[in-house]
Amino acid sequence: MRVIILAGGRGTRLLEETGVRPKPMVEIGGRPILWHIMKIYSHWGFNDFVVCLGYKGYMIKEYFSNYFLHMSDVTFDIARNEMLVHRKSAEPWRVTLVDTGENTQTGGRIKRASEYLGDDEVFALTYGDGVSNVDIKASLAFHTGHRSLATVTAVRPARRFGAISVEGDRVTAFEEKPANDGNLINGGFFILNRGVLDLIDGDETIWERGPMETLSRRGELRAYIHDGFWHPMDTIRDKAFLEECWESGKPAWKLW
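Residues numbered from 1 in each chain as written. Predicted model: local features only at pLDDT ≥ 70, side-chain atom pairs only at ≥ 80, totals over all residues. Heavy atoms only, no water.

Once that is clear, we can look at the overall build of the chain. Of regular secondary structure, the chain possesses eight helices and 16 strands. Split into buried and exposed, the 256 residues of the chain put 46% on the buried side. Working note: accessible area of the chain is about 13400 Å², and carbon and sulfur atoms make up 47% of it. (Helix = DSSP H or I, 4+ residues; strand = E, 2+ residues; numbered from the N terminus. Buried < 20%, exposed > 50% of the residue type's maximum accessible area, 1.4 Å probe, protein only. Areas by Shrake-Rupley, 256 points an atom, 1.4 Å probe, with all protein chains shown as cover.)

Here's what the structure looks like:
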């Protein structure tokens, strides 16, 4: 099963970082968040990736073209014009990088990348800015079992602000970081049948609107509910939180 990763957006809410690099290349623990996402899938045995590029996509191409330089010790013999790579750290990945247009919407990116899916009837899809400890194999089994066209991982995000309970003008309870308000949201980590591609008209199609709404209306969209860790990287505050998790030595999404 191939994995499509949407990595072409501008990340406007993270301009402190994305002014100079694409959002999926913003680092957590010295590695791009894109790397973390790929490591999650690789843990479950999925190593064939199709990455949809857009804004500053050349930086992602350069990262993978020089992967050994990023991940290993090297010796440069200038006189001989030679490079020796020490302690090669290779992943079992096959990575296809697809230019899907700088202004293409999410649905359009999926459609453009679909030619690299080969003969796979089922493929995975996720965003290039969120990490989780979701069980991908279990979500695939869930998807295969219900036989609908699409499965979305539904998550309950942490609240961004403290919660206050008030009676009159008296605060009766205050919780700084309540876990969530019980509402489920789209957490990405989709499992999809090729039939969903028929719902994407072109570059202007937003996957989360027309296609997902149509799938829901037809009863073809199921939710795999994940109650474990999930967190996006939308803001500097999110990045700082994920960095803090990584530096703790026990980040919840580090399954490998």
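After presenting the structure, the write-up continues.
With that settled, consider the layout of surface pockets. Empty space among the atoms can be located by rolling a probe the size of a water molecule over them. Estimated volume of the largest pocket: approximately 810 Å³. What lines the largest pocket is a set of 31 residues, among which Gly 9, Lys 23, Thr 106, Tyr 127 and Asp 129 lie closest to the centre. Taken together, the residues that form the lining of the largest pocket break down as nine nonpolar, 14 polar and eight charged. (1 Å grid on protein atoms, 1.4 Å probe; cavity = no way out; pocket = protein on both sides within 12 Å on 5 of 7 lines; lining within 4 Å. Points joined across faces, edges and corners; volume = space filled by probe spheres on them. Nonpolar A, V, L, I, M, F, W, Y, C, P; charged D, E, K, R; others polar.)

Let us look at the pairing of strand E4 (residues 48-53). Among the six residues in E4, six count as buried, and that is most of the element. Pairing between E4 and strand E7 (residues 94-99): six bridges, direction parallel. Within E7, the position partnered with Cys 52 by the bridge is Val 98. (Pairing = 2+ DSSP bridges.)

This part covers the packing of aromatic side chains. Enumeration over the complete set of coordinates arrives at 14 aromatic pairs. When the centroid spacing of 5.8 Å and the interplanar angle of 90 degrees are considered together, the rings of Tyr 63 and Tyr 67 count as edge-to-face. Taken individually, Tyr 63 and Tyr 67 each receive the classification buried, so the pair is uniform in this respect. Aromatic pair Tyr 127 and Phe 190: ring centres 6.1 Å apart, planes at 70 degrees, arrangement edge-to-face. (Phe/Tyr/Trp six-rings, centres within 6.5 Å; stacked < 30°, edge-to-face > 60°.)

Moving on to unusual backbone geometry. Although it is not a glycine, Arg 147 adopts a positive phi angle of roughly 65 degrees. Residue classification places Arg 147 among the exposed positions, given a relative accessible area of 77%. A positive phi angle, close to 45 degrees, is found at Phe 189, a residue other than glycine. Structurally, the position occupied by Phe 189 is in the loop between strand E13 (185-186) and strand E14 (190-193). Judged by relative accessible area, Phe 189 falls into the buried class, the value being 2%.

The next thing to look at is the environment of Thr 106. Tracing the chain through its elements places Thr 106 in helix H5 (residues 106-113). Between the C-alpha atoms of Thr 106 and Leu 6, which are 100 residues apart in sequence, the distance is 7.2 Å. With sequence-adjacent residues up to four places away left out, Thr 106 is seen in contact with Leu 6, Thr 205, Ile 206, Trp 207 and Glu 208. Of the polar contacts made by the side chain of Thr 106, one reaches the backbone nitrogen of Trp 207; its length is 3.0 Å. (Contact = heavy atoms within 4.5 Å. Polar contact = N/O pair within 3.5 Å; in protein donor to acceptor, adjacent residues only side chain to side chain.)

Mapped onto the fold, Val 152 is located in strand E10 (residues 150-155). Once the C-alpha coordinates of Val 152 and Thr 126 are considered, the two residues, 26 residues apart in sequence, prove to be 9.5 Å apart. Non-local contacts of Val 152, meaning those with residues more than four positions away in its chain, are made with Asn 186, Gly 188, Phe 190, Leu 221, Arg 222, Ala 223 and Tyr 224.

In terms of nonpolar packing, the biggest core is built from 40 residues, with Tyr 41, Phe 49, Phe 64, Val 131, Leu 242 and Trp 253 touching the most fellow members. In terms of residues, this core owes the most to one element, helix H2 (residues 33-43), which gives seven residues. Residues contacting Leu 242, with those up to four places away along its chain left out, are Ile 28, Ile 33, Val 131, Phe 229, His 231, Pro 232, Met 233 and Trp 253. If you look at the next biggest cluster of nonpolar residues, it comprises 22 residues, including Val 50, Tyr 127, Leu 192 and Leu 199. (Core = buried A, V, L, I, M, F, W, Y, C linked by side-chain atoms within 4.5 Å.)

So, about a nonpolar patch on the surface. A cluster of nonpolar side chains, namely Leu 69, Phe 76, Ile 78 and Met 83, defines an oily patch on the protein surface of about 430 Å² accessible area. Checked against the element boundaries, Phe 76 lands in strand E5 (residues 73-77). (Patch = residues over 30% accessible without salt bridge, like charges linked within 9 Å, V, L, I, M, F, W, Y side chains within 5 Å. Salt bridge = Lys/Arg side-chain N within 4 Å of Asp/Glu carboxyl O.)

Another point: H5. Because the α-helix completes a turn every 3.6 residues, residues three or four places apart line up on one side. Most of H5 sits inside the fold, with six of its eight residues counted as buried. Among the residues of H5, those classed as buried are Thr 106, Gly 107, Gly 108, Arg 109, Ile 110 and Ala 113. Contacts made by the buried residues of H5 are with strand E1 (3-7), E4 and strand E8 (122-127).

In terms of strand pairing, E5 meets strand E6 (residues 82-86) through five bridges, oriented antiparallel. Within E6, the position partnered with Thr 75 by the bridge is Leu 84. From the end of E5 to the start of E6, which pair antiparallel, there are four residues, and Asn 81 there has a positive phi angle of about 55 degrees.

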